[in-house]
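This is what each chain is made of:
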Amino acid sequence: MHVKQTSLWTSQGRWQRALLPLGLVLGAACAPLHAAADGAADSTVHPELWPALASPIPADAALEARVDALLQRLSLEEKVGQVVQGDLDSITPEDLRTYRLGSVLAGGNSEPGKRYNAPAADWLALADAFYEASVDASSGGAAIPVLLGIDAVHGHNNVVGATLFPHNIGLGAANDAELVRRIAEATALELRATGFEWTFAPTVTVPRDDRWGRTYEGYSEDAALVSRYATAVVEGLQGAVGSEGFLGGDRVLSTAKHYIGDGGTFEGKDKGDARVSEEELRDIHGAGHIAALKAGVQSVMASFSSWNGEKMHGHHGLLTRILKERLGFDGFVVGDWNGHGEVAGCTDKSCPQALIAGVDMYMAPDTWRDVYRNTLAQVRDGTIPMSRLDDAVRRILRVKLRLGLFEAGPPSRRAHGADFAVLGQPPHRALAREAVRRSLVLLKNAGGVLPIDPRRRILVAGEGADSIARQSGGWTLTWQGTGTQREDFPNAQTLWEGFREQVEAAGGSAELAADGRYAQRPDVAIVVFGEEPYAEFIGDVTHVGYQIGKPNDLALIRRLKDEGIPVVAVFLSGRPLWVNREINAADAFVAAWLPGSEGAGVADVLLAKADGSVQHDFSGRLSFSWPRSAVQSPLNAGQPGYDPQFPLGFGLSYTAPAATPTLSEESGLDDQPQGLPEAFFGRGATPTGWSWWIADSEQRGLALARLPSGDAVSSLEVSALDHRAQEDARRLRWTGGARGRVWIEAEQAVDLREPATAGQHLVATLRLGSKAPGPVRLGLAGTALPLQALLASLPVGEWLEVSVPLACYARAGAPLSAVRRVFELDTEAALDLAVSRVALGTAAPHALSCD
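Each chain has its residues counted from 1, following the order in which its sequence is written. Local features in this predicted model are restricted to residues of pLDDT 70 or higher, and side-chain atom pairs are both shown and tallied only at a pLDDT of 80 or more, whereas totals for entire chains, interfaces and linings draw on every residue. Here the side-chain values reflect all heavy atoms present in the structure, with hydrogen atoms and water set aside.

Caption draft 1: Structural context of the overall build of the protein. A run of H or I in DSSP counts as a helix once it spans at least four residues, and a run of E counts as a strand once it spans at least two, with each numbered from the N terminus. The number of helices and strands found in the protein is 23 helices and 32 strands. Its C-alpha atoms give the protein principal-axis dimensions of about 75 × 75 × 60 Å. For the exposure calls, accessible area comes from a 1.4 Å probe over protein chains only, and a residue counts as buried if that area is under 20% of its type's maximum, exposed if over 50%, partly exposed in between. In the protein, which comprises 851 residues, the share counted as buried stands at 61%. Computed with the Shrake-Rupley method and a 1.4 Å probe, the accessible areas treat only the protein chains shown as cover for residues. For the protein, the accessible area works out to roughly 29600 Å², and carbon and sulfur atoms hold 50% of it. Under this rule, positive means Lys or Arg and negative means Asp or Glu; His and the chain ends count for nothing. For the purpose of locating charges, the reference atoms are NZ of Lys, CZ of Arg, CG of Asp and CD of Glu. Within the protein, the 102 negative side-chain charges are centred at a point lying 1 Å from the centre of the 79 positive side-chain charges.

Caption draft 2: The arrangement of helix 12 (residues 368-380) in detail. Helices are assigned an expected span. That span is 1.5 Å times one less than the residue count. Here helix 12 spans 18 Å end to end across 13 residues, near enough to the 18 Å set by a 1.5 Å rise per residue. The contact definition used throughout considers only heavy atoms, calling two residues in contact when any of these lie within 4.5 Å. The inward-facing, buried residues of helix 12 abut helix 2 (76-82), strand 3 (84-87), helix 3 (93-99), helix 11 (352-357), strand 13 (362-363) and helix 13 (386-402).

Caption draft 3: Examining the sheet that holds strand 18 (residues 567-572) more closely. Across the sheet, six strands lie side by side as 14-19-18-17-15-16; this open sheet has mixed pairing. On the outer flanks of this sheet lie strand 14 (441-445) and strand 16 (509-512), each paired with one strand and no other. For this sheet the average axis-to-axis angle between neighbouring strands, irrespective of direction, equals 20°. Between any two strands, pairing holds if DSSP finds at least two bridges. In this structure, strand 18 lies alongside strand 19 (residues 588-593), joined through five bridges in parallel fashion. Paired with V568 across the strands is A588, a residue of strand 19. This element, helix 17 (residues 495-506), spans strand 15 (457-461), strand 16, strand 17 (524-530) and strand 18 of the sheet and lies at about 160° to strand 16. Only the contacting stretch of a helix is used when fitting its axis, a line to C-alpha atoms as for every element, and angles between N-to-C directions run 0 to 180 degrees.

Caption draft 4: Just the state of the cysteines, in detail. What counts as a disulfide here is a pair of cysteine sulfur atoms lying within 2.5 Å. Across all of its chains, the model carries two disulfides by this definition. Disulfide pairing is shown between C346 and C351; the S-S distance is 2.2 Å. Taking the torsion about the S-S bond as the criterion, the C346 to C351 disulfide, at about 60°, is right-handed. With respect to burial, C346 and C351 carry one shared label: buried. Along the protein, the cysteines that take part in disulfide bonds pair up as 1-2, 3-4, counted in sequence order.

Caption draft 5: Quick peek at the confidence of the model for the protein. Here the protein shows a mean pLDDT of 92. Residues at 70 or above account for 94%. Scored from 0 to 100, pLDDT reflects the predictor's confidence in each residue. Low pLDDT, under 50, characterises residues 1-39; the predicted model gives this stretch 91 contacts beyond four residues in sequence or across chains.

Caption draft 6: Molecular detail of the sheet that holds strand 25 (residues 740-750). One open sheet holds the six strands; their spatial order is 22-21-25-30-27-28, and the pairing between them is antiparallel. What marks the edges here is a single partner per strand, and that holds for strand 22 (702-703) and strand 28 (783-786). Sheet topology note: the strand 27 (residues 776-780)/strand 30 (residues 819-827) ladder contains four bridges and is antiparallel. From the neighbouring strand, G779 faces strand 30, where its bridge partner is E824.

Caption draft 7: Inspection of unusual backbone geometry at higher detail. With omega at 0°, the peptide bond leading from Y259 into I260 counts as cis. With respect to the helices and strands, the residue I260 is situated in the loop between strand 7 (255-259) and strand 8 (273-274). Here the residue pair L450 and P451 is connected by a cis peptide bond, since its omega of 0° sits within 30 degrees of zero. Its place among the elements puts P451 in the loop between strand 14 and strand 15. We note that N338 has phi near 55°; this positive angle belongs to a residue other than glycine. Not every positive phi belongs to a glycine, and E727 is a case in point at roughly 55°. Here E727 lies in the loop between strand 23 (716-721) and strand 24 (729-734).

Caption draft 8: How the structure looks around the side chain of T205. Here T205 is to be found in the loop between strand 6 (198-199) and helix 7 (223-238). When its relative accessible area of 1% is taken as the criterion, T205 is described as buried. For this analysis, a polar contact is any N or O atom pair within 3.5 Å, provided that within protein one partner can donate a hydrogen and the other can accept it, and provided that sequence-adjacent residues contribute only side-chain to side-chain pairs. Polar side-chain contacts of T205 include one of 3.0 Å to the side chain of D262. Side-chain polar atoms of T205 contact the backbone nitrogen of G263, separated by 3.3 Å. Ignoring sequence-local partners within four residues, the contact set of T205 consists of W212, E217, G218, S220, V226, K257, D262 and G263.

Caption draft 9: Geometry of the packing of helix 6 (residues 177-193) against helix 7. Relative to each other, helix 6 and helix 7 sit at 30°, their axes nearing to 7 Å. If you check the angle between helix 6 and helix 7, you find them roughly parallel. Viewed along their axes, helix 6 and helix 7 form a crossing whose handedness is right-handed. Mapping the contact onto sequence places A177, V180, R181, A184, E185 and A188 in helix 6 and R228, Y229, A232, V233, E235, G236 and L237 in helix 7. When an angle is under 35 degrees it counts as roughly parallel; over 145 it counts as roughly antiparallel; between 65 and 115 it counts as roughly perpendicular; any other value is oblique. Handedness of a helix crossing follows the sense of rotation of the near helix relative to the far helix, less than a right angle counterclockwise being left-handed and clockwise being right-handed.

Caption draft 10: The arrangement of the pairing of strand 7 in detail. The buried count for strand 7 comes to five of five residues, which makes it a mostly enclosed element. Two elements, strand 7 and strand 9 (residues 299-302), share four bridges in a ladder whose sense is parallel. From the neighbouring strand, K257 faces strand 9, where its bridge partner is M301.

Caption draft 11: Summary view of the environment of D604. Mapped onto the secondary structure, D604 falls in helix 20 (residues 600-606). Here the side chain of D604 touches R433 through a polar contact of 2.7 Å, side chain to side chain. In terms of polar contacts, D604 uses its side chain to reach the side chain of R437, at 2.9 Å.

Caption draft 12: Up close: the packing of aromatic side chains. Centres within 6.5 Å are what make two rings of Phe, Tyr or Trp a pair, Trp counting through its six-membered ring; a difference in plane orientation under 30 degrees is then read as stacked, over 60 as edge-to-face, and the rest as tilted. This structure, assessed with the given rule, holds 20 aromatic pairs. Relative to F332, the ring of W198 lies with its centre 5.3 Å away and its plane at 75°, an arrangement referred to as edge-to-face. Taken together, the residues span a long stretch of sequence, with W198 in strand 6 and F332 in strand 12 (residues 332-334) at a distance of 134 residues. Here W198 and F332 have matching classes, each one buried.

Caption draft 13: View of the pairing of strand 29 (residues 799-805). With five of its seven residues buried, strand 29 lies for the most part within the structure. Bridging between strand 26 (residues 761-770) and strand 29 involves seven bridges; their strand directions are antiparallel. Bridging from a neighbouring strand, R767 pairs with W799 of strand 29.

Caption draft 14: Focus on the pattern of salt bridges. Only one rule defines a salt bridge in this text: a Lys or Arg side-chain nitrogen within 4 Å of an Asp or Glu carboxyl oxygen. Counted under the stated rule, the structure contains 54 salt bridges. With its nearest N and O atoms 2.7 Å apart, the salt bridge here joins R211 to D209. Grouping residues by exposure puts R211 and D209 together as buried. We note a salt bridge from R741 to E824, for which the minimum N-O separation is 3.0 Å. Of this pair, R741 sits in strand 25 while E824 sits in strand 30; the two residues are 83 residues apart in sequence, bridging distant segments of the chain. The exposure class of R741 is buried, given its relative accessible area of 4%. A network of salt bridges, in which partner residues are shared, links K324, D360, R388, D391 and R395.

Caption draft 15: Molecular detail of the packing of helix 8 (residues 278-285) against helix 9 (residues 287-294). In contact at an axis separation of 4 Å, helix 8 and helix 9 are set at 55° when each is read in the N-to-C sense. With respect to helix 9, the axis of helix 8 lies oblique. Where helix 8 abuts helix 9, its residues R282, D283, I284 and H285 lie against A287, H289 and I290.

Caption draft 16: How the structure looks around the environment of P786. Tracing the chain through its elements places P786 in strand 28. Relative accessible area serves as the criterion here: at 54%, P786 is assigned to the exposed category. Sequence separation of P786 and L848 is 62 residues, and the distance between their C-alpha atoms is 9.1 Å. The contact partners of P786, leaving out residues within four places of it in the chain, are V776 and L848.

What follows is the structure, encoded as structure tokens:
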């Protein structure tokens, strides 16, 4: 066997030289890329390259006999029902009595009564209702308990009062598998209290490009660390295989996701294409999955992404030949949110290819009726073989029986059902606080400014200082982690609250001023800042620079420093970002990631005891390489030319201090043309430096900070809407009778003269919900054109493209050399309009004429 010497992060969090099989070297740079005849990357699998495994769960003849008996009893309609999962936002318990679906999920922004902050009792009552409906056999048929699934990815994060643990990127920095095992055990208890028995976790992705919006869902770029954590989390959630408590009443089903290669997509694009060899797919992106399988994981979620051009939801080779046959997986494969609809030849409503390829349960949140009916027809006409349907149902029933679901009774009567006291209970919060302490990474500590004497006058500043939302990130009560309020988190402390509590207890004084404008001059300032919350593709970025065009946080740090105040910077982020300017400006710099509900864990490390001694030292080490420039991505240990600002495994401490030199403030973007974005709005997000704004009448307006916008302005509301993906569109509704405006604005102006000369149009993908009874204007750079005639010509309820020539705006006198506002819709009329994309392009079928 060929071996190569390489640097690895050990379980003790230090670098060492090690010998690895060539195919296991991080980056797999030497692995041969299987190619098709034409030289293109190939998505054909070679099972002999993968380890031959068997299920770690011993064969159970009695259980399999029960599965056989159930299969014989089930009608075709009941079998098809078992392979379909609907979302609670679009399904009712009564629906289950008719369609007998196998599972219901609570997806992002799906909650009882459409209330993001619904109390725990409402969640449990709904779980009971779904269970009772699923086992109601009064009209004939079999009583098959429904599986209730949810994304509990950093604690039971959808439920008010639950413990919010650090996101996975922070846990990775702790480098402690036993810690994440305990967190998984606590999460399982909190899930059971509200009636859930299945979580879509752990995420065993290995993110390789930090531009990806899901980077923080991964533990590390290091596949070995992810593998260790996968074992610990699966066993923490389910119990250890062979133990008395395996899948017991205080455990839940776990899910290894997303199979496979989601962290390796080209340019970090969510739902993109992993253009890697099969060896790299196995050794890097498969490491966590293989460990999870060995630990007995009972479900695997297919990835939205592709491997060398072939979508995973339709990849028979990887789902069946590798996962089920070679790796011996005997649980079931669940799809991701309408992921089957992205397979070639499929739609969200119909995709026999996915089931044939190896998906056992369609995640069809809002299309479940269509998927059910179409799948039923496809089995009847032979498109889907009955043997494949029976195999999928067998797998689902096997897991339900292993879980003891048939004997469990309604969720409220199970062990821990309705035990709401476990939500955010003191031991769980103490565990989360410990995890926060262990996750912090010290990047700079000039002059020993840390730890801070708590008896001094301390200013806590920055937009992240007093915000549970900012410190918790996405997947926190809402999908994006936005639109929440402080009172939604009764069992939590902001970073400010944690600092204040300890400082006042020690006899010091603490002042909060987000903008740094203090009432009493402080001895030291702690500035808490960083990324705003995001989830999934909404968080995709084109570079890894922080506030390149509008460095507000840098200005705050520099202003305090200019006043002679020492500054400790606490950076909240879901990925490593280029912050060299901020590191240089501050005396100390701490990467705090997304710590969750226990902000006091940060104070535990940054503040000394009242006697001046250290409370807790820094022990966190980078589980991702830190970039030297804003364009240094992908960046992974072991790749050719590896030259990070801070390497994988880096981290300072009080006991091992070191000087941090002045860092280069050349972002790497300065020498690159600051061209126009690919789209001003697309895939549910605006590009870096652009944002939606809303206003009444002539007001300056405000940047849209949450969805729905609610009463932010009185004349219109903006909310999220599904078009081609979850919440990838915006619904704009004017109430009528008062003027309301909505637009997309840039931090820095762009020049549209050249696109105008080239005949480009402003193109928008729209769906008209209602016709406007009055004038509607579409503005760009402060110049408006009448749009009502074009809108009046459009059909209602259909997605289509409309466009306005930039030349029309030029002719009307718009200053195209410096454009900050585009797509400014302005009306006093009642109007219902949805938008899923705004970009420059060629004329659309429905185009405004300048004549």
